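What follows is the residue order along each chain.
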Amino acid sequence: MDRPAPDLEPLLRPLFHAAAPGAAVAVAVIRGGERTVSCRGYTDRIGVRPVRADTRFEIGSVTKTFTALLLAEMAARGDVRYDDPIDRYLPADAAPGYPHERPITLLHLATHTSGLPRLPVGLTPAAVPRWFTKPYATFGPSHLMRALPRTPVRGTPGAQVRYSNLGCGLLGLVLANAAGQRYEELLLSRICGPLGLVDTSCGPGGEPATGYRRGRRVPSFRLPALPGAAALRSTADDMLRYLQAHLALDAVPLPERTDATALRTALGEVLTPRVGRRRTGVRICLGWNQRSLDERPSLDGGDEADGLVYHAGATRGFTTFVGFSPSTQVGLAVMAGTQPVRGRGFVQGAYDTLRTLVAERRAE
């Protein structure tokens, strides 16, 4: 097992203890020029294969940050525009039903302001027979195309934040349609490949951790209709590199054939707040949430560059948190091969650990 620096050990210990005993846990930390990956547990319950920095975990909704980065990269190239209506990239008979005076745009999908529901019409009934195994595995792209025209839109697009897996998954689909490539291939060529994320993809491969829910093994998560919402798998090594890229635009060398200008522009664009939730103090960026470092966060106060940027994700057997602070050059990624009984508490613990790391850096 890897050991973190002595001063990191007490901060990370609660995260390891929060997961089930023996569960696979990997933590990546950036503190200025320091890079640390610490692993605990095993990829299987019999304790044969210890977790390593290249063990793959399902990262759930953290996938949405990749999809939003893909949007920003394609917008920087001029392939799409943020205000493009989604109808432009969907079959004529597949657009959701809503008043067309103000169409749903790509930006609305990336900021959860589309008015689309959390899940597509028909997905839950299809999932019930396989609820404890692979609930979404049989709901494919053709089912989604048939469901979209029957999907209601609540309110005016752009008016209110309503978290939507459907919206972000649909964003991945329309970007793939715009580029004429499958989502997985597009993400590899534009994001994962150039950033050197060699073990980040939607499919199987590498050394996978086994996911558990309430002590029972859970089959691999599949979401064929909406891979852009929650289908990615990644490793602590890759998440460390992903954090690096967001903290410093030139920190990750890019291959010669990469459109480096577009990708670096995109890495900055995704951190720009687009809309706020006044009651919570949370700002919605492209795929990311941002909160002020102040004790009493306010949408109208505080330096946008001096905030915590974060996202959490969960599948039926995994829990992930990724967050960072650009102003202090601190980043944290926590991946656990279990869904704790108190999943929200686990994510809150990771968020609190990030805040502590940032506070220590500010005090130096």
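Look up: the structure comes first, before these words.
Residues numbered from 1 in each chain as written. Predicted model: local features only at pLDDT ≥ 70, side-chain atom pairs only at ≥ 80, totals over all residues. Heavy atoms only, no water.

(A) Representation of the packing of helix α2 (residues 63-77) against helix α10 (residues 260-269) in the model. Packing of α2 against α10 brings their axes to within 8 Å, and their N-to-C directions diverge by 130 degrees. In terms of axis orientation, α2 runs oblique to α10. Crossing handedness for the pair α2 and α10: right-handed. Two secondary-structure elements touch here, α2 through Leu69, Ala72, Glu73, Ala76 and Arg77 and α10 through Ala262, Leu263, Thr265, Ala266, Leu267 and Glu269. Counted by class, the contact of α2 with α10 contains seven nonpolar, one polar and three charged residues. (Axes fitted to C-alpha atoms, helices over the stretch in contact; angles between N-to-C directions. Helix = DSSP H or I, 4+ residues; strand = E, 2+ residues; numbered from the N terminus. Parallel < 35°, antiparallel > 145°, perpendicular 65-115°, else oblique. Left-handed = near helix turned anticlockwise from the far one by under 90°. Contact = heavy atoms within 4.5 Å. Nonpolar A, V, L, I, M, F, W, Y, C, P; charged D, E, K, R; others polar.)

(B) Structural detail: the side chain of Ser164. Position of Ser164 relative to the elements: it lies in the loop between α5 (141-147) and α6 (165-179). Using a relative accessible area of 1% as the deciding quantity, one classes Ser164 as buried. Excluding residues that lie within four positions of it along the chain, Ser164 makes contacts with Lys64, His112, Leu116, Pro117 and Arg118. (Buried < 20%, exposed > 50% of the residue type's maximum accessible area, 1.4 Å probe, protein only.)

(C) Fine view of the packing of aromatic side chains. Evaluation of the coordinates by the stated rule reveals seven aromatic pairs. Geometrically, the ring pair formed by Trp288 and Phe324 is edge-to-face, given 5.1 Å between the ring centres and 85 degrees between the ring planes. On the criterion of sequence distance, the pair formed by Trp288 in the loop between β9 (282-284) and β10 (289-292) and Phe324 in strand β12 (residues 319-325) is long-range, its members being 36 residues apart. In this structure, Trp288 and Phe324 share a single accessibility class: buried. Relative to Tyr351, the ring of Tyr310 lies with its centre 5.2 Å away and its plane at 70 degrees, an arrangement referred to as edge-to-face. With a gap of 41 residues between them, Tyr310 in strand β11 (residues 307-314) and Tyr351 in helix α11 (residues 343-363) connect regions that are remote in the sequence. By relative accessible area, Tyr351 is classed as buried at 10%. The structure contains a cluster of three or more aromatic residues connected by ring pairs, namely Phe66, Tyr242, Trp288 and Phe324. (Phe/Tyr/Trp six-rings, centres within 6.5 Å; stacked < 30°, edge-to-face > 60°.)

(D) Summary view of the environment of Ser61. Along the polypeptide, Ser61 turns up in the loop between β3 (55-58) and α2. Ser61 has contacts with Tyr163, Asn165, Ala229, Ala230, His311, Ala312, Gly313 and Ala314, leaving out every residue within four places of it along the chain. Only 3.2 Å separates the side chain of Ser61 from the side chain of Tyr163, close enough to count as a polar contact. (Polar contact = N/O pair within 3.5 Å; in protein donor to acceptor, adjacent residues only side chain to side chain.)

(E) A look at the sheet that holds β10. Taken in spatial order, the eight strands of this open sheet run β2-β1-β13-β12-β11-β10-β9-β8, and their pairing is antiparallel. Each of the sheet's edge strands pairs with one partner strand only, and the pair in question is β2 (34-40) and β8 (275-277). Between one strand and the next, the sheet's axes are offset by a mean angle of 20 degrees, whatever the strand orientation. Across four bridges, β10 lies against β11 in antiparallel orientation. By the bridge assignment, Gln290 is partnered in β11 with Val309. Against the sheet, helix α1 (residues 9-18) makes contact with β1 (25-31), β2 and β13 (330-336), and its axis sits at roughly 35 degrees relative to β2, the strand it touches most. (Pairing = 2+ DSSP bridges.)

(F) Highlighting the nonpolar core. In this structure, Phe66, Leu106, Leu175, Leu195 and Trp288 are the most contacted members of the largest nonpolar core, which totals 82 residues. Here this core gets eight residues from one element, more than from any other, and that element is α2. Judged by nonpolar contacts, the second largest core, of 27 residues, contains Val161, Ile284, Phe321 and Tyr351. (Core = buried A, V, L, I, M, F, W, Y, C linked by side-chain atoms within 4.5 Å.)

(G) Looking closely at the pairing of β3. Taking every second residue as pointing to the same face, both faces of β3 are buried, with Thr55 and Phe57 on one and Arg56 and Glu58 on the other. Note: β3 against strand β7 (residues 233-234), two bridges, orientation antiparallel. The residue bridging Phe57 from the neighbouring strand is Ser234, located in β7.

(H) Structural view of the pattern of salt bridges. All chains considered together, the criterion is met by 15 salt bridges. For Glu34, the salt bridge is made with Arg31, and the minimal N-O distance between the two is 3.0 Å. For Arg31, a relative accessible area of 11% puts it in the buried group. Across the pair Arg233 and Glu58 runs a salt bridge whose closest N-O atoms are separated by 3.7 Å. Separated by 175 residues along the polypeptide, Arg233 in strand β7 and Glu58 in strand β3 bring together distant segments of the chain. By relative accessible area, Arg233 is classed as buried at 11%. Here the salt bridges do not stand alone but share partners, grouping Glu73, Arg77, Asp79 and Arg190 into one network. (Salt bridge = Lys/Arg side-chain N within 4 Å of Asp/Glu carboxyl O.)

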